[in-house]
There are 2 protein chains.
Amino acid sequence: MTEQSEAARRPLNTDRVLRAAVALADATGIDSLSMRRLAQELGVVPMALYKHVANKEELLDGMADVVVGEIDPPDPDVDWKGAVRQRILSARQALLRHPWASRVIESRTRPTPATLAYLDSMIGMFRAGGLSVDLTHHVMHALGSRVLGFSQELFDDGAPGPDPDTQAAALREMSRRYPHIAEVASRADHDGRSVVGPGCDDQFEFEFALDLLLDGFDRLRRQGWSSTTTQRNHPRS
Amino acid sequence: MTEQSEAARRPLNTDRVLRAAVALADATGIDSLSMRRLAQELGVVPMALYKHVANKEELLDGMADVVVGEIDPPDPDVDWKGAVRQRILSARQALLRHPWASRVIESRTRPTPATLAYLDSMIGMFRAGGLSVDLTHHVMHALGSRVLGFSQELFDDGAPGPDPDTQAAALREMSRRYPHIAEVASRADHDGRSVVGPGCDDQFEFEFALDLLLDGFDRLRRQGWSSTTTQRNHPRS
DNA sequence: ACCTGAACACCGTTCAAGT
DNA sequence: ACCTGAACACCGTTCAAGT
């Protein structure tokens, strides 16, 4: 499209690569985003990209972080439920602005820094609202794909992992940077087993959310709920 | 792997192609499933596959249907809530057996026949349970990714669509085959506008489910809910 | 009429040769 | 030391040539 305009001659950096990739995916779809096409868009030889991103997966990681970074910070002047509600709706808007983003975020096998920061902050909102660590944990699972357009369970399955020492160091570093995630992750369950690591009983988490919804449906059924009696904040356009 | 064993010499048909594709994806992951690799597995030249599937997208459609076809039918001897619960947990198991399936199903731009049949039957369960057409509609949206591991909203955005006549004929055929879907899809909203087609207010549906969950969380918080007091049907293995 | 090998237009990434 | 063109090992799909 833009074939090496003057602007494209500026020296490359990771940020410029990422923003160009996001713009290209927005304009032409994620399927036509290739390293070669992106390089061409930047007026650069394909190999030049590999100095700023290790490979395509890392490019996609960075793109995911750009989108997650667009989510509004929490509003401190609202009660916890309202603040969580606003924030999740803001996340939804970010994903709607970049239709490719849900799929890219879902396909990440490791959480990216911006995603971790977002989750940490979200957990902090529940904790500040008075939810226990235990309840907050299951609540985060229950929101699941709703909180970001992806299921956290995808983050569990993974590579063999490094030796115990580096793992412990990584955990300390993680606790420092994301204290709320650490608090939830290190809770002990009622058997006394510590549940850092493999951790979550996915079947339990799935049923927790499923039953919350089914119970809610049943309550509405008994009340004779109808959408016509519900106020719509955002009328159909 | 198997290089044209005797079994592979049997004449090809769509079913055998699909089952081989599912087996290959199960064994080696969806990323290494290519037309060429699949052909090799079947002891066949790549072009031979194109007599049984039009292209790779159609292959993926067929694979999605194989997985959806594995979901158990509803149990007629259980109340609606229990039956829906069982069925969704069965869907979850099917997806867990084929880790690639969620992503493939999510990436379909058009619903496949088995998916439509599953959704139709699921809607029928809610209707039989006494939920109104209106409530059932929003309930299906609320379950969203939970009902199948994908967000139905993905089905909305799409191609230009054929001329009105064929469209009307397709709608009649659809009503005959999937009566419950038709009933929900053709409901009139309170403005009197008929909402076949573009139809759903996604923002409303998203908030409907979000608020059901948030209200549920708040209720549990007030009750001092703890996971240790909750019976786990499926203890951690 | 059917089948298929070769070819086309792409990929992501490696690597050795050039400056 | 840095940069990059060519090459490698793949893709999905078309198409014309062979039977």
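Everything numeric in this text was worked out from a predicted model, so none of it was measured. (Residues numbered from 1 in each chain as written. Chains lettered and ligands numbered in written order. Predicted model: local features only at pLDDT ≥ 70, side-chain atom pairs only at ≥ 80, totals over all residues. Heavy atoms only, no water.)

Details of the overall build of chain A
- Helix and strand counts for chain A stand at eleven helices and zero strands.
- In sequence order, the secondary structure elements of chain A are arranged as α-α-α-α-α-α-α-α-α-α-α.
- Taking all 237 residues of chain A together, the buried fraction comes to 47%.
- Sequence separation of 24 or more characterises 70% of the internal contacts of chain A that already satisfy a separation of 6 or more.
- With an accessible surface of roughly 12000 Å², chain A has 54% of that area assigned to carbon and sulfur atoms. (Helix = DSSP H or I, 4+ residues; strand = E, 2+ residues; numbered from the N terminus. Buried < 20%, exposed > 50% of the residue type's maximum accessible area, 1.4 Å probe, protein only. Contact = heavy atoms within 4.5 Å. Areas by Shrake-Rupley, 256 points an atom, 1.4 Å probe, with all protein chains shown as cover.)

Quick look at the pattern of salt bridges
Residues and elements named next belong to chain B.
- The final tally for this structure, using the stated rule, is 28 salt bridges over all chains.
- Put simply, Arg177 and Glu173 hold a salt bridge, and the shortest N to O gap is 3.4 Å. Taken together, the residues Arg177 and Glu173, both in helix α9 (residues 164-177) and four residues apart, mark about one turn of the helix. (Salt bridge = Lys/Arg side-chain N within 4 Å of Asp/Glu carboxyl O.)

Section: a nonpolar patch on the surface
- Taken together, the side chains of A:Val45, A:Met47 and A:Tyr50 present a nonpolar region at the surface, about 320 Å² in accessible area.
- Taking the relative accessible area as the measure of exposure, A:Tyr50 reaches 38% and is therefore partly exposed. (Patch = residues over 30% accessible without salt bridge, like charges linked within 9 Å, V, L, I, M, F, W, Y side chains within 5 Å.)

Comments concerning the packing of aromatic side chains
- Tallied over the full model, the rule gives six aromatic pairs over all chains.
- When the centroid spacing of 6.3 Å and the interplanar angle of 80 degrees are considered together, the rings of A:Phe217 and B:Phe126 count as edge-to-face. Here A:Phe217, found in helix α11 (residues 202-222), pairs with B:Phe126, found in helix α6 (residues 113-128), and the two come from separate chains.
- For A:Phe217, a relative accessible area of 0% corresponds to the buried category.
- Feature note: the residues A:Trp80, A:Phe126 and B:Phe217 constitute an aromatic cluster, connected by ring pairs. (Phe/Tyr/Trp six-rings, centres within 6.5 Å; stacked < 30°, edge-to-face > 60°.)

Focus: the UniProt feature "DNA-binding region" (unreviewed entry) in chain A
- The sites that UniProt annotates as "DNA-binding region" (unreviewed entry) are residues 34-53 of chain A.
- From the first C-alpha to the last, residues 34-53 of chain A spans 13 Å; its make-up is 35% helix and 0% strand. (UniProt positions renumbered as here; feature names shortened; annotations may be inferred.)

A few points about the protein's contact with DNA strand C
- If you check the shell around DNA strand C, you find A:Ser34, A:Met35, A:Arg36, A:Met47, A:Tyr50, A:Asn55, A:Lys56, B:Arg36, B:Val45, B:Met47 and B:Lys51 and nothing else.
- When atoms of DNA strand C within 4 Å of the protein are sorted by moiety, sugar and phosphate together comprise 51%.
- Note that a phosphate oxygen of DNA strand C is positioned 3.0 Å from one of the backbone N or O atoms of A:Met35.
- For DNA strand C, a phosphate oxygen lies 3.0 Å from a polar atom in the backbone of A:Lys56.
- The residue makeup of the surface near DNA strand C, split by class, is five nonpolar, two polar and four charged. (Near = heavy atom within 4 Å. Polar contact = N/O pair within 3.5 Å; in protein donor to acceptor, adjacent residues only side chain to side chain. Nonpolar A, V, L, I, M, F, W, Y, C, P; charged D, E, K, R; others polar.)

Structural notes on the protein's contact with DNA strand D
- Close to DNA strand D lie A:Arg36, A:Val45, A:Met47, A:Lys51, B:Ser34, B:Met35, B:Arg36, B:Met47, B:Tyr50, B:Asn55 and B:Lys56.
- Each atom of DNA strand D within 4 Å of the protein was assigned to sugar, phosphate or base; sugar and phosphate come to 50%.
- At 3.0 Å from a phosphate oxygen of DNA strand D is found a main-chain nitrogen or oxygen belonging to B:Lys56.
- Partitioning the surface near DNA strand D into residue classes produces five nonpolar, two polar and four charged.

Topic: the nonpolar core
- Within the largest apolar cluster, 127 residues are counted, with the highest numbers of intra-cluster contacts made by A:Phe217 and B:Phe217.
- Those residues within four positions of B:Phe217 in sequence are excluded, and the remaining contacts are A:Trp80, A:Phe126, A:Leu135, A:Val139, A:Ala142, A:Leu143, A:Phe208 and A:Leu212. (Core = buried A, V, L, I, M, F, W, Y, C linked by side-chain atoms within 4.5 Å.)

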